[in-house]
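So the chains spell out like this:
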Amino acid sequence: MKTYKNPYQLLRQKLCRRPKMEQSGLDEVVQSIFTEVEKGGDNALRQLTERFDGVKLSLLVLSQQEVKAQARKVPIKLQRAIDTAFRNIHSFHELQVLDVQRERLETMPGVMCWRESRPIERVGLYVPGGSAPLTSTVLMLGVPAQIAGCQEVVLCTPPNKDVSVEPAICYAAQLCGIDKIYTVGGAQAIAAMTFGTKSVPKVDKIFGPGNQYVMAAKQYAVKYGLTIDMPAGPSEVMVLADASANPAFVAADLLGQAEHGSDSQVVLVTTQNQLVPLIEKELKLQLANLPRKEIAAEALKNSFSVVFDNLKRAIEFVNSYAPEHLILSVKNPEQLAAGVSSAGSVFLGNYSPESAGDYASGTNHTLPTNGWARSYGGLSLDSFVKKVTFQSLSKLGLKRLSQTITTMAEAEGLQAHANAVNIRFNNKL
């Protein structure tokens, strides 16, 4: 990892920029897939699945019985692990129900205002498959959808070569009340949920991670009136370490993110210059034993470390970078966390690894990347509901407010707005 010591402002800005993804031909491919799915429906999905995944499909959906059968194949040890993760994630997101309930407020006598939550009716969940099927993502998306009360939850995931779906994905889906799984992946899955086909329902909002084609497809779906969870790029972690940090722990956290993909972003920020070589030594030792060491090694090539004289400057850099995951491996993490304003999720102390949030602590692992944490928060119950405002005015309440409304309406040249108030107190316009 290349090391920078007290970088000047322009260099700090440069370090905060993520590597640009190669977009050549990407938009054209996604647009072509959307056109095929819009015109061809299920037949197009079968053809695209055979072309991109090498799988011939007859049916595009696993029935409830098939999901149950696959779920029964999950080993007991893994079942128990998924059960524990489900309970923690459910508890944390269920607590958020209180956050979306608001008391009624009488803004002035006779004028009552309040807000209520309504679930998004039809949501689409995309769960990557392939070499690393993300069972945890089923929980992270499915649990808040379940608690929010979404009427229809569509789960799409790429099929295995034998047309099956990973048993653990089926098991997690069952826990979340999802009884049908659509065996479609890639950009074509996003297109299917955008338009709807004979087999795959159309949805109102799409959630979930994926490769660059899936991400581009989600952005493209917005052109057709859908909303998505958040813009996203490659996953990333930043570790802020002081003298109290354990080099082996820090290296393990950095590698935990690096193994996601060769484009993952891994950054070390420290106030201890002597800590950098110790962590680099641990990186080499631990990397050698990883099954995905080639992927992790490639990610480390694009990663770096930054040394600052003090924690104040270090935190300023953290907030400028706005990491997806931030680990505070410092002596007083709670105190330092108060200064963090831009991060997807923060892990406090030497015994709070990022992998805890990825799987089972309870927080959601669907988080803003690519600097989007400056303006976006991570996935929550709020992501699956709409906030509807209500107001109720008595006759006396409207009378008290009438002059304010009519004066402002007339100043904007909107006489009909003023008339809607005046007509309620006299019949003369």
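Whatever comes next refers back to the structure up there.
Residues numbered from 1 in each chain as written. Predicted model: local features only at pLDDT ≥ 70, side-chain atom pairs only at ≥ 80, totals over all residues. Heavy atoms only, no water.

Let's talk about the sheet that holds strand β13 (residues 325-329)
To keep things clear, this is the line we draw: For two strands to pair, DSSP has to find at least two bridges joining them. Starting at the N terminus, helices and strands are each numbered in turn, a helix being any DSSP run of H or I of at least four residues and a strand any DSSP run of E of at least two. Structural elements are reduced to axes, namely lines fitted to C-alpha atoms, with helices fitted over the stretch in contact, and the angle between N-to-C directions of any two is expressed from 0 to 180 degrees.
Sheet architecture is open: six strands sit in the order β1-β12-β11-β10-β13-β14, paired in parallel fashion. Of all the strands in the sheet, the pair left with one neighbour each is β1 (2-5) and β14 (345-348). Within this sheet the neighbouring strands show an average axis-to-axis angle of 15 degrees, counted without direction. Relative to β14, β13 is paired through four bridges, and the arrangement is parallel. Paired with L328 across the two strands is L348, which belongs to β14.

A few points about the sheet that holds strand β3 (residues 105-108)
For the record, the criterion: Contact definition: two residues touch when any of their heavy atoms are within 4.5 Å.
Strand order across the open sheet formed by three strands is β3-β4-β15, with antiparallel pairing between neighbours. At either margin of the open sheet sits one strand with a lone partner, and together these are β3 and β15 (385-393). Each strand axis lies, on average, 30 degrees off the axis of its neighbour in the sheet, ignoring direction. Bridge analysis of β3 against strand β4 (residues 111-119) gives three bridges, and the strand direction is antiparallel. Residue pairing in the sheet places L105 in a bridge with C113 of β4. Strands in contact with helix α15 (residues 395-411) are β3, β4 and β15; relative to β15, the strand with the most contacts, it is inclined by about 90 degrees.

Quick notes on helix α2 (residues 26-53)
Selection criterion: For a helix, the expected span equals 1.5 Å multiplied by the number of residues minus one. Two axes enter the bend calculation: one fitted to the seven residues ending at the residue in question, the other to the seven starting there, and the bend is the angle between them. Exposure classes here rest on a 1.4 Å probe applied to the protein chains alone. A residue is buried below 20% of its type maximum, exposed above 50%, and partly exposed in between.
In a regular helix each residue adds 1.5 Å, so 28 residues correspond to 40 Å; α2 covers only 18 Å between its end C-alpha atoms and thus falls short of that length. Roughly 130 degrees is the biggest bend found in α2, and it falls at G40. Looking at α2, one finds that the buried residues are L26, V30, I33, F34, V37, G41, D42, A44, L45, L48 and T49. In this structure, the buried side of α2 is in contact with α7 (186-195) and α8 (212-221). Immediately beyond the C-terminal end of α2, within one or two residues, lies G54, with a positive phi of roughly 70 degrees.

Some words on the nonpolar core
Selection rule: Here the nonpolar core consists of buried residues drawn from Ala, Val, Leu, Ile, Met, Phe, Trp, Tyr and Cys, with membership extended through side-chain atoms lying within 4.5 Å.
Judged by nonpolar contacts, the single largest core of 36 residues is most densely connected at V123, L139, I181 and F384. Counting only elements with at least two residues in this core, the list comes to α3 (64-71), α4 (76-95), β5 (122-126), α5 (135-148) and α6 (167-175). No other element matches α5, which puts seven residues into this core. Ignoring sequence-local partners within four residues, the contact set of F384 consists of P119, I120, V123, L125, L141, P144, A145, A148, C150, F207 and L379. Residues L45, L57, V184 and V200 belong to the second largest nonpolar core, which totals 32 residues.

Some words on a positive patch on the surface
So the rule is basically this: The patch calculation keeps residues exceeding 30% relative accessible area without a salt bridge and links them within 9 Å when they carry like charges or within 5 Å when they are nonpolar (Val, Leu, Ile, Met, Phe, Trp, Tyr). Calculation of accessible area relied on Shrake-Rupley with a 1.4 Å probe; when residues are assessed, cover is drawn exclusively from the protein chains displayed. What counts as a salt bridge is simple: a side-chain nitrogen of Lys or Arg found within 4 Å of a carboxyl oxygen of Asp or Glu. In summary, the charge assignment counts Lys and Arg as positive and Asp and Glu as negative, without counting His or the chain termini. The location of each charge is read from NZ of Lys, CZ of Arg, CG of Asp or CD of Glu.
A contiguous patch of positive charge on the surface is contributed by K2, K14, R17 and K20. With respect to the secondary-structure elements, K20 resides in the loop between α1 (9-16) and α2. Residue K20 is classed as exposed on the basis of its relative accessible area, which comes to 85%.

Some points on helix α9 (residues 247-258)
Under the 1.5 Å per step criterion, the end-to-end length of α9 is 16 Å for twelve residues, consistent within 8% with the ideal 16 Å. Within α9 the residues assigned to the buried category are V250, A251, D253, L254, L255, Q257 and A258. Buried residues belonging to α9 abut β10 (236-241), β11 (265-270), α10 (275-287), α11 (293-301), β13 and α14 (354-359).

Considerations on the packing of aromatic side chains
Just so we agree on the cut-off: Working definition: a ring pair exists when centres of Phe, Tyr or Trp rings (six-membered ring for Trp) sit within 6.5 Å. Plane angles under 30 degrees give stacked, over 60 give edge-to-face, the rest tilted.
Inspection of the entire model under this criterion finds twelve aromatic pairs. Here the aromatic rings of F34 and Y220 are separated by 4.9 Å at their centres, their planes lie at 80 degrees, and the arrangement is edge-to-face. Here Y220 lies in helix α8 and F34 lies in helix α2, a separation of 186 residues in the sequence. Neither F34 nor Y220 differs from the other in exposure class; each is buried.

Comments concerning the side chain of T366
On the secondary structure map, T366 appears in the loop between α14 and β15. Non-local contacts of T366, meaning those with residues more than four positions away in its chain, are made with M140, L141, D229, M230, G378 and L379.

Observations concerning the layout of surface pockets
Defined as follows: The pocket and cavity definitions rest on a 1 Å grid over protein atoms only: a 1.4 Å probe that fits but cannot leave marks a cavity, an open set with protein on both sides within 12 Å along at least five of seven lines marks a pocket, and residues lining either have an atom within 4 Å of a point. Grid points are joined across faces, edges and corners, and a volume is the space filled by probe spheres set on the points.
The computed volume of the second largest pocket comes to approximately 210 Å³. The wall of the second largest pocket is formed by Y4, L11, K14, L15, R17, P19, Q265, N302, F304 and Y321. With three residues, α1 is the largest single contributor of residues to the lining of the second largest pocket.

What about the packing of α1 against helix α12 (residues 311-321)?
Selection rule: By the definition adopted for this analysis, an angle is roughly parallel if under 35 degrees, roughly antiparallel if over 145, roughly perpendicular if from 65 to 115, and oblique otherwise. Each helix crossing is assigned a hand: it is left-handed if the near helix lies turned anticlockwise from the far helix by less than a right angle, otherwise right-handed if that turn is clockwise.
With their axes 9 Å apart at the nearest point, α1 and α12 run at an angle of 45 degrees to one another. Taken together, the axes of α1 and α12 are oblique relative to one another. Of the two elements, α1 crosses α12, and the hand of that crossing is right-handed. Side by side, α1 and α12 meet where R12, L15 and C16 of the first sit next to R313, F317, S320 and Y321 of the second.

A closer look at the environment of L255
Within the secondary structure layout, L255 lies in helix α9. Residue classification places L255 among the buried positions, given a relative accessible area of 3%. Separated by 118 residues in sequence, L255 and T137 place their C-alpha atoms 20 Å apart. Other than its neighbours up to four places away in sequence, L255 contacts L283, Q286, L287, L290, A296 and L300.

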